[in-house]
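# Observations on the model geometry
Listed here are the chains, written in short residue letters.
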Amino acid sequence: MTDRMKSFSIWIQFRSLRPLRVAWRIAFLVAIAVLVNALVPPARVEAQGQTNLVLAFYYAWYDPGSFGPGRTPYQPPQPYYSTDGGVIQRHVSEARSAGIDGFVQSWYGPAANQTESNFQTLLGVAASSGFKAAVDFEVGSPFFTSNGDRASALSALLATHANHPAYLRVDGKPVVFFWANWLLPVGEWAQIREQVDPGHNSIWIAEGSNLDYLSVFDGLHLYNIAWSANPAGTAITWSSRTRAAADTYGAYRYWVATAMPGFNDSLLGRGQATILRDRAGGSYYQTSFNGAASSAPDMLIVNSFNEWAEGSNIEPSTEFGNYYLDLTRQLSAAYKSGSLAAVVAQPPPATQVAQVAGPSATPTATPTSGPSPTPTDTSTPTETPTVTPSPTPVASPTPQSDGQIVYIIQPGDTLIGISELFEVPLFEIYSRNNLDETSVITVGQRLVLGQAGQVSAREAGDQFPGAVILADGSVVYELVDGDSLFSVAQKFGLSIDELLALNDELDTESILQVGQRIVVGFRPLPAEIGGSTDRPVIVVSPTLTQAPSATSTPTLQASPTATERPAATHTPQVVATAAEANQSEESGGGILFALFGIVTLLALLGGLLLYLGRAR
C-alpha cells in the first residue's frame, strides 16, 4: 500500500472516531461539572429572623360589662363591644399609628365563639390597611376537651386563616403563638406537631421558661416580664438561652422579646400569684422596651394593646389618655431606626394618675345594653402628653457581653439614689463593687448593678433577705463570715435536712467558705401568670347582630371556612430560601451527589481506556 493510501486510511479511521471522541469529551466535562457541583455546595441562606416587627397581644372578648369598678384597674373612655367591626377598625388604626405592625389575638379555636368570628373580622380589617394578624392559641380553651380537639383546631387554622393575605408570616411561614403550652407535656406536643405540621411549615412560638419545649416548638416568648425589676437582663438572658437551643436541636430558634407598660392583676383573685408593677410615669415601659430591643429579638411584642383586666393596656384610657400610644409610637420608630437610646419619655400630665391599684373610685361610663356606636376618636384627654427625642442618651443600666448590668455614674448621682432608682438594695451595690458606706463615687465611674439572668433581692421579699433569685427561679445566698449550715437554715426558715436537700453537694460534714453560694429556696417563675385561661370569658355566638358603627368600616374580606382553602398569593413578611432546619438534609444529599459524580467519572474513564485499547 502506498504512503498516500495509508494516510488516507488513517484519515478515514480518525473521521469515524471523531464523533465518539467528541461524545466522550462532553461526557467527561459533564462528569467533572457534576463532581465540582457536589463537592462545592451552594451557599446556604440562613433564616433571617430579626424582622424589626413590633407586635401587640390583642383581646377580642369584651363587652361594656367587662369594665368598671372591681373589674378593671383602668377604664376606657367608653366601654365597647369587641364584636363591633368599627371598634376593631379603630384598634387597628390606633395600633398602626403607634408603629405596631400586627396583633396577636387570643383564639379559642374554630368552633362558634367570639374569638373566631372576631379574628375573621380582624383579618379583613388588617388586609385593607396593610396590617398583620396572628393567633395566640389558647391551649386551655373551653372548646378543647382533648388533644384531638387541639390538633383539629390547629389543622383548621393552618388550612384556613394562616393562608389569608393578612396573616403574619416570617421567613415565608405563618406564625402561631401559644399561651399555656405548659399545660401539656413535651411528649404530647411532639405527637400533635407530628400530626398537624410534621415538616415545620409554620413557626410555633412557645410561652414560658421551660426550654425543653424548644425540642418541638420553633421559638420562645415570655408573656409576662412584669415580675422583673431588671427587664433588660431578663430579656438578654432568655434571648441567649433561646439561641443556644439552636445548637441543641439543630435548627434556628426564634426569640420574641416582651415589652410592658406595667401590670396589675389584683382584681382577678390570683392570691399570692398577683403581680403589681407600677408604670412609674412610663419609665418601666421604656426600660422594658429598651431591654427587649437590646436582646436582638426576631420579633418584639407589647403586652398588651388591650388586656384591661391585667392593667397592661396601652389602648387609650381615662387615666392616661393617649400617653402610652404616643410613647409606643416614639419607641417603635426609634427601635426600627436603631436610635432607641435617644428617646426620653416625658411623664404623664399631673392630672393623670401613675398607677391605680384596685377598682377606680367612680365608673367613667354607664354600660348600656347592646353594642355601642364607636366614635371616630374615643380618646378625650384635655391634655396631650409630649414625647420628644432627647439630643443625649438617657443614662440607664446597660447589659455587657459578660452578662453584667453596668450603670455609668452621672452628675448628681448618689449610691442611695441609684439604689432607689433601680430598685437594687444598697448592700448588693456595695458587694458587687467592693464599696462600703464610706466610698466616694465619681462621674463616669462604672457601677455593676446586677448580672443578666438574676433578679434583685428586693424581688425575693422578706422571705429571702440578702439572697438573689436566678432566672430559673432558684434562690441563692452568698455566705458571709460567721455563717454555718444551722444559721443559714434558721435565717431562711429551713431545717438542716431541707437545706441539704436543696444542695446535693452539701452534707453535715461540709466545710463552708465565705463567698460560697448555696440554694436556700425556689420561687416558681411567673411565666405561667397572665393571659386568660384563669378567668371566665363571655362567649358570644358569631350570629350576634351588631349595631352599626359610627366609623366607616371597610368592606371585609370573607374569611375561609374550614372546608375552603383560598388560593390567595401571599407576600411573606421576611423571605428566605433555606432555613437551618434543612442543613443536615442538604449536607447528606450533597455527599450522595458527590459519590455519584465520582462513580460516574471513573466509569467514563474506564470505558474510554477500554475503547482506546481495543482501537489499537
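Residues numbered from 1 in each chain as written. Predicted model: local features only at pLDDT ≥ 70, side-chain atom pairs only at ≥ 80, totals over all residues. Heavy atoms only, no water.

Attention now moves to the overall build of the protein. Looking only at helices and strands, the protein has 13 helices and 18 strands in total. When each of the 616 residues of the protein is scored for burial, the buried share is 48%. Long-range contacts, defined here as pairs at least 24 residues apart, represent 76% of the contacts in the protein between residues at least 6 apart. When the accessible surface of the protein is split by element, carbon and sulfur atoms take 56% of a total near 28100 Å². (Helix = DSSP H or I, 4+ residues; strand = E, 2+ residues; numbered from the N terminus. Buried < 20%, exposed > 50% of the residue type's maximum accessible area, 1.4 Å probe, protein only. Contact = heavy atoms within 4.5 Å. Areas by Shrake-Rupley, 256 points an atom, 1.4 Å probe, with all protein chains shown as cover.)

What follows covers the packing of aromatic side chains. For the structure on display, the rule yields 33 aromatic pairs. Between the aromatic rings of Tyr62 and Tyr80, the centroid separation amounts to 6.4 Å while the plane-to-plane angle is 80°, which identifies the pairing as edge-to-face. Of this pair, Tyr62 sits in the loop between β1 (53-58) and α2 (85-97) while Tyr80 is found in the loop between β1 and α2, placing the two residues 18 residues apart along the sequence. Using a relative accessible area of 3% as the deciding quantity, one classes Tyr62 as buried. A cation over an aromatic ring shows up here: Arg241 above the ring of Trp238, its NZ or CZ 4.7 Å from the ring centre. It is Arg279 that lies over the ring of Tyr324; its NZ or CZ is 4.6 Å from the centre. (Phe/Tyr/Trp six-rings, centres within 6.5 Å; stacked < 30°, edge-to-face > 60°. Lys NZ or Arg CZ within 6 Å of the ring centre and 35° of its normal.)

What follows covers the nonpolar core. Core analysis: the largest hydrophobic core is formed by 102 residues, its most contacted members being Phe137, Leu154 and Trp189. The element contributing the most residues to this core is helix α8 (residues 323-337), with seven residues. Among all residues touching Leu154, those that are not within four sequence positions of it are Phe137, Val176, Phe178, Trp189, Ile192, Val196 and Trp204. (Core = buried A, V, L, I, M, F, W, Y, C linked by side-chain atoms within 4.5 Å.)

Taking 1.5 Å of rise per residue, the 15 residues of α8 would be expected to cover 21 Å, and the 21 Å separating its terminal C-alpha atoms lies within 8% of that figure. Along α8, the residues classified as buried are Tyr323, Tyr324, Leu325, Asp326, Leu327, Thr328, Leu331, Ser332, Ala334 and Tyr335. If you follow the buried residues of α8, they end up packed against β1, α2, α7 (283-294) and β11 (299-302). One or two residues past the end of α8 sits Gly338, with phi positive at roughly 80°. (Expected span 1.5 Å × (residues − 1).)

At their nearest, the axes of helix α6 (residues 231-249) and α7 sit 8 Å apart, and the two run at 25° to each other. Between α6 and α7, the crossing angle belongs to the class labelled roughly parallel. As α6 runs across α7, the sense of the crossing is right-handed. Across the interface between the two elements, Pro231, Ala232, Ala235 and Ile236 of α6 pack against Tyr284, Thr287, Ser288, Gly291, Ala292 and Ser294 of α7. Among the residues forming the contact of α6 with α7, the class breakdown is six nonpolar, four polar and no charged. (Axes fitted to C-alpha atoms, helices over the stretch in contact; angles between N-to-C directions. Parallel < 35°, antiparallel > 145°, perpendicular 65-115°, else oblique. Left-handed = near helix turned anticlockwise from the far one by under 90°. Nonpolar A, V, L, I, M, F, W, Y, C, P; charged D, E, K, R; others polar.)

Extensive coverage of strand β5 (residues 173-179) is indicated by the burial of six of its seven residues. Relative to β5, strand β3 (residues 132-138) runs parallel, the two sharing four bridges. Among the inter-strand pairings, Glu138 is bridged to a residue of β5, identified as Trp179. Direction of pairing for strand β4 (residues 169-170) relative to β5: antiparallel, over a ladder of two bridges. In the strand pairing of β5, Val170 is matched with Lys173. What sits between β4 and β5 in their antiparallel hairpin is a turn of two residues, with Asp171 showing a positive phi close to 55°. With three bridges joining them, β5 and strand β6 (residues 203-207) adopt parallel strand pairing. (Pairing = 2+ DSSP bridges.)

Of note, the bond from Asn303 into Ser304 is cis; its omega dihedral lies within 30 degrees of zero at 15°. Relative to the helices and strands, Ser304 is located in the loop between β11 and α8. Positive phi values are uncommon outside glycine, yet Asp171 reaches one of about 55°. Turning to its location among the elements, Asp171 is positioned in the loop between β4 and β5. Accessibility expressed as a relative area gives 9% for Asp171, which makes it buried.

Bringing helix α5 (residues 186-196) into the picture now. Within the span of α5, buried status applies to Trp189, Ile192, Arg193 and Val196. In an axial view of α5, the angular spread of the buried residues amounts to 100°, which keeps them on one side of the axis. With respect to the buried face of α5, the exposed residues turned more than 90 degrees away are Gln191, Glu194 and Gln195. Next to the buried residues of α5 lie α4 (147-159), β5 and β6. (Arc of directions from axis to C-beta.)

Here the protein averages 74 in pLDDT, and 63% of its residues register 70 or above. Low pLDDT, under 50, characterises residues 452-462; the stretch is placed with 35 contacts to residues that sit more than four places away or in other chains. (pLDDT = per-residue confidence, 0-100.)

Here the focus is the pairing of β1. Of all six residues in β1, six are buried, a share of seventy percent or more. Taking every second residue as pointing to the same face, both faces of β1 are buried, with Leu53, Leu55 and Phe57 on one and Val54, Ala56 and Tyr58 on the other. Pairing of β1 with β11 involves four bridges; the strand directions are parallel. The residue bridging Val54 from the neighbouring strand is Leu300, located in β11. Pairing analysis gives four bridges linking β1 to strand β2 (residues 102-107), with the strands arranged parallel. Across the sheet, residue Phe57 finds its bridge partner in β2, namely Val104. Taken together, β1, α2 and β2 form a β-α-β motif whose crossover is right-handed. (Right-handed = clockwise from strand over helix to strand, strands pointing away.)

Applying the stated criterion across every chain, the model contains nine salt bridges. Between Lys336 and Asp101 there is a salt bridge whose closest N-O contact spans 3.0 Å. Of this pair, Lys336 sits in helix α8 while Asp101 sits in the loop between α2 and β2, placing them 235 residues apart in sequence. Where Arg270 meets Glu310, a salt bridge forms, and the shortest distance between an N and an O atom there is 3.0 Å. Within this pair, whereas Arg270 is found in the loop between β9 (263-264) and β10 (276-277), its partner Glu310 is found in the loop between β11 and α8, the two being separated by 40 residues in sequence. What makes Glu310 buried here is its relative accessible area of 0%. When salt bridges with common partners are traced through the structure, they connect Arg90, Glu94 and Glu315 into a single cluster. (Salt bridge = Lys/Arg side-chain N within 4 Å of Asp/Glu carboxyl O.)

The next thing to look at is the environment of Pro198. As for its placement among the helices and strands, Pro198 is situated in the loop between α5 and β6. Sequence separation between Pro198 and Val216 is 18 residues, and the spatial gap between their C-alpha atoms is 10.0 Å.

Between α2 and helix α3 (residues 114-127), whose axes approach to 10 Å, the crossing angle comes to 50°. As summarised for this structure, α2 and α3 are arranged oblique, according to the angle between their axes. Where α2 crosses over α3, the two elements pack in a sense that is right-handed. Across the interface between the two elements, Gly85, Ile88, Gln89 and Val92 from α2 touch Asn118, Thr121, Leu122 and Val125 from α3. Of the residues that constitute the contact of α2 with α3, the class distribution is four nonpolar, four polar and no charged.

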